[in-house]
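Structure assessment
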Amino acid sequence: MALFQISEPGLSAAPHEHRLAVGIDLGTTNSLVASVISGSAEVILDEAGNAILPSVVHYTESGDVRVGAKALEEASLDAKNTVSSAKRLIGRTMKDLGNVEHVAYELVDDPQMVRIKTRAGDVSPVEVSAEILKTLAKRASDRLGGDLTGAVITVPAYFDDAQRQATKDAARLANLSVLRLLNEPTAAALAYGLDNEAEGVYLVYDLGGGTFDVSLLKLTQGVFEVLATGGNSALGGDDFDRVLFQAVCQSAGIPAASLSAAESRRLLSAARSTKEALTEADTAELAFTLDNGQAMAVALSRTDFNALTAGLVNETLQAVKETLREANLTPNDVKGVVMVGGATRMPCVREAVAALFGREPLTGIDPDRVVAMGAAMQANKLAGNTTGDDDWLLLDVTPLSLGLETMGGLVEKVIPRNSAIPIARAQDFTTFKDGQTAMAIHVLQGERELVDACRSLARFELRGIPPMAAGAARIRVTFQVDADGLLSVSAREMKTGVEASIQVKPSYGLTDEDIVKMLQDGNAGAEADMHARELREQQVEAQRLLESTHSALEADGDLLDAEERQAVDALVNALATAAEGDDVATIKAAIDALAKGTDTLAERRMDRSIREALAGMNIDDATFDRTEEEARKIDDHLNGVK
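For the protein, per-residue confidence averages 80 on the pLDDT scale, and residues scoring 70 or more make up 83% of the total. Scored below 50 in pLDDT, residues 1-16 shows 35 contacts in the model against residues more than four places distant or in partner chains. Below pLDDT 50 for its whole length, residues 506-512 participates in 35 contacts with residues either more than four positions away or in separate chains.

Have a look at this one:
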């Protein structure tokens, strides 16, 4: 199958030259790095033979930074200076995070992004992530024997612009060139699809340490097309640990808030170990020690664990069903379910997925490694190392709709949710008032019809619009989403060519819960939204007609006699009153009545403007360079005047 060359500009490898590119799975709990070695994707091991790098960073008293297993060892001893799950904090403020009782370290509020208080000073989640990326990049460089050309870094499908930008910022701090940000489920499907030469519709169920993603992909002759995405990137294996944590505290009669940071770390670690033990055994004991030396132990069965976590499993299934509905598919339409993420090893998860789809899920590739392996394949291609035998193409999608604010606080969607990226779309807009010389562009993200229910991404202004009558100017607004899912917007006045643009780098802060809520609210409130949109549209049309009528009366009101003027004024007042209400039919009827009631005024204004235009001109001048039909109309008018 012949496809176009998709290596990045300037990265196409010369014959017999192999560029060193890697795929990085930057996870909430664990991270991995992989590369294509001798034609196949391999996860790169550290010196001790470990594939997984715990996503933990410890700031030591001597000023050093420890990453991975060494940092994890310090978690219970020096919890306040050991940062884990930074991925859950990236791109967020304290207000967005809400309840952070489970965090053992101290958070510092910041208007741009929450920071973490350590002995090394206040550090951001971006800086923490950069330390993890540095460690993975060094591991890869040492193993591959040279400097890296670049990396494909995976992110949850639900990551918004702010979180994606923050991930790229972390890579820059780590001196890594980002070839592409790739959605985690897409990377997993890539690894499975090429390995098994599978075709058809597949669902990727990705339950990692801190995020849950679900994606529907269609694999056809080397093309990986994402049909729909869903999930909840504020839900993951860590939440299963915390459910056990809370249950043990309740069973032992210990208020969770009374535990020290070190005790919380130890109990969470014990909960995680117990969860993992119950994957293989029917029973396990959760044991930990308080700071005062008191030993605690709670016996748990797999049945107990399943009952405690049933709500979390059900949340993932609801997201799966919603994603299927968006793609107009049923479980029977899905050829296979790919399980991704270490948390999918839990029997309760696999059993629930198997029950929903009526078949066992695919677990042929290590769920911890599959994302990094898929990312490595994409990195290898983008670096220009692949041959004609490796022809395949990824078509990812936007997680949420993108649009602009229009009059009346309405949202005009320019790029719908689940559009394949990269993508560019343009739409024409116009001015609302006569003589308007500037336009405020408000970029929004979300599924609702009203501005207040969507998330503001950016604002900028287009100035220098020639003064014209309302509706005469033509402003073309272009949205571009690149392969990383990052947005840029430009606005251009088509007559003069005056232009303004912005690279959308939204203020960090959209929570993952907000993203899911946007989608849920968009579905649940669709009917109410459509009514609200119709009402706003009619109110905007009423305002436009009222303004144009006032302008016409001010300029040419003398063309009406007293009785006619009184009738028009009554219609104006009726429309103004109707526009303040919420009855769409009443407003529309009042608009139609005023439009019809001002027909006489419009005709007389036209007559006056023609007389003024023809004053001092003969018929030959008037008809010069006009069509025959236009000339005939002017002749008829002049004859009527005579």
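All right, on to the sheet that holds strand β21 (residues 410-415) then. If you trace the four strands from one edge of the open sheet to the other, you get β21-β20-β24-β25, paired in antiparallel fashion. Whereas interior strands pair on both sides, the edge strands pair on one side only; in this sheet they are β21 and β25 (455-463). Direction aside, the axes of adjacent strands within the sheet are offset by 30° on average. As paired strands, strand β20 (residues 402-406) and strand β24 (residues 438-445) are joined by three bridges and run antiparallel to one another. By the bridge assignment, L402 is partnered in β24 with Q445.

All right, on to the environment of S215 then. As for its position among the elements, S215 is in strand β14 (residues 212-220). Counting along the chain gives 122 residues from S215 to V337, while the straight-line C-alpha distance between them is 10.0 Å. Dropping the residues within four chain positions of it, S215 is found in contact with A157, P185, Y202, L203, V204, A228 and T229.

Turning next to the pairing of strand β3 (residues 40-43). Residues A41 and V43 line the buried face of β3, whereas the alternating positions S40 and E42 sit on a face that is not buried. With antiparallel pairing between neighbouring strands as the criterion, strand β2 (residues 30-37) and β3 make up a hairpin whose turn holds two residues, including S38 at a positive phi of roughly 55°.

Our next topic: the sheet that holds strand β8 (residues 106-108). Reading across from one edge, β8-β9-β10 is the order of the three strands in this open sheet, with antiparallel pairing throughout. In this open sheet, the two strands that pair with only one neighbour each are β8 and β10 (121-123). Taken pair by pair, the neighbouring strands of this sheet meet at an average axis angle of 40°, ignoring direction. In this sheet, β10 lies alongside strand β9 (residues 115-118) in antiparallel orientation, the contact comprising three bridges. Across the sheet, I116 pairs through a bridge with V123, a residue of β10. Sheet strands in contact with helix α3 (residues 125-144) are β9 and β10, and its direction is about 80° off that of β10.

Right, let's get into the nonpolar core. Ranked by internal contacts, the top residues of the largest apolar core, which has 44 residues, are L203 and Y205. No other element matches helix α8 (residues 302-326), which puts seven residues into this core. Not counting chain neighbours up to four residues away, the residues in contact with Y205 comprise F212, D213, T316, V320, V337, V338, M339, V340, T344, V349 and V353. In this structure, L53, L89, I132 and L176 belong to the second largest nonpolar core, which totals 39 residues.

A positive phi angle, close to 60°, is found at N175, a residue other than glycine. On the secondary structure map, N175 appears in the loop between α4 (161-173) and β12 (178-183). Even without a glycine there, the phi angle at N328 is positive, about 55°. One can find N328 in the loop between α8 and β18 (336-340).

The rules behind each value
Residues numbered from 1 in each chain as written. Predicted model: local features only at pLDDT ≥ 70, side-chain atom pairs only at ≥ 80, totals over all residues. Heavy atoms only, no water. pLDDT = per-residue confidence, 0-100. Contact = heavy atoms within 4.5 Å. Pairing = 2+ DSSP bridges. Helix = DSSP H or I, 4+ residues; strand = E, 2+ residues; numbered from the N terminus. Axes fitted to C-alpha atoms, helices over the stretch in contact; angles between N-to-C directions. Buried < 20%, exposed > 50% of the residue type's maximum accessible area, 1.4 Å probe, protein only. Core = buried A, V, L, I, M, F, W, Y, C linked by side-chain atoms within 4.5 Å.

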